Amino acid sequence: MMISGCSRDACPPPPMIKNLLLLDSEGRCVAVKYYTDEWPTNGAKLGFERSVFTKTHKTNARTEAEIVMFENNVVVYKFIQDLHFFVTGGDYENELALAAVLQGFSDAVTLLLRGNVDQREALENLDTIFLCLDEIVDAGLILETDGNMIAGKVATHNLDDGAPLSEQTITQALATAREHLTRSLLR
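The structure displayed is predicted, hence computed values, not measured ones.

Parameters and conventions
Residues numbered from 1 in each chain as written. Predicted model: local features only at pLDDT ≥ 70, side-chain atom pairs only at ≥ 80, totals over all residues. Heavy atoms only, no water. Core = buried A, V, L, I, M, F, W, Y, C linked by side-chain atoms within 4.5 Å. Buried < 20%, exposed > 50% of the residue type's maximum accessible area, 1.4 Å probe, protein only. Helix = DSSP H or I, 4+ residues; strand = E, 2+ residues; numbered from the N terminus. Contact = heavy atoms within 4.5 Å. Pairing = 2+ DSSP bridges. Axes fitted to C-alpha atoms, helices over the stretch in contact; angles between N-to-C directions.

Chemist: Lay out the nonpolar core in plain terms, naming residues and giving numbers.
Modeler: Across soluble globular proteins, nonpolar side chains have a tendency to be buried as a group. Ile17, Leu20, Leu22, Phe85, Phe105, Val109 and Cys132 are the most contacted members of the largest nonpolar core, which has 30 residues in total. Elements represented by at least two residues in this core include exactly strand S3 (17–24), strand S4 (29–34), strand S6 (73–80), strand S7 (83–90), helix H2 (95–112), helix H4 (126–136) and helix H5 (147–159). Here phenylalanine 105 is in contact with Leu21, Leu22, Phe85, Cys132, Leu133 and Ile136, once residues within four sequence places are set aside. Counting residues in hydrophobic clusters, the runner-up holds 15 residues, among them Leu21, Trp39, Phe70 and Phe86.

Spelled out as structure tokens, the structure:
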């Protein structure tokens, strides 16, 4: 069967993200999400974070994203003030797709923190940062790369008068989702 010019067996898989990292200027974790079991323990995760920071912290990735091969992974990264943004994919992943995720991540954080992108502000708005990560990638699959769209979705979550989604019942969460959908359709 042919769909969009591909047979079922001939289509390449969608890009998969292994992790999204936000580290401070000393390599400490600010916010991270792992989407694979490649780093099964917290110690392995911390070791990877330290190693990737050590390999990249002396580069000048402030004006545009840099790409490095590291432990059979492609790591795309960018620094904004004292925060270091990283997106990791397998060594077979398309660097442009990973760079788009990185750009969306950094743009959304910049918008949500109103241009004040630093460690203190990020820690004060950690819930917003994690919502941002959830809007970008789910189970390793890229959901959105447009920083404006990501920031808009996260801002909508923050404007809700009710409890956070994690504290809502299924019925309340569905009602909230229905309200979001209705608002987006009426725009």
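More follows now that the structure is in view.
Chemist: For the sheet that holds S7, give the residues involved together with the corresponding values.
Modeler: Spatial strand order, S4-S3-S7-S6-S5: 5 strands in an open sheet with antiparallel pairing. The open sheet is flanked by S4 and strand S5 (66–70), the only strands paired with a single partner. Direction aside, neighbouring strands of the sheet carry axes that sit 20 degrees apart on average. Bridging between S5 and S6 involves 5 bridges; their strand directions are antiparallel. When the bridges of S6 are listed, methionine 69 appears paired with valine 74. Where H2 meets the sheet, its contacts fall on S3, S5, S6 and S7, and the angle it forms with S6 comes to roughly 30 degrees.

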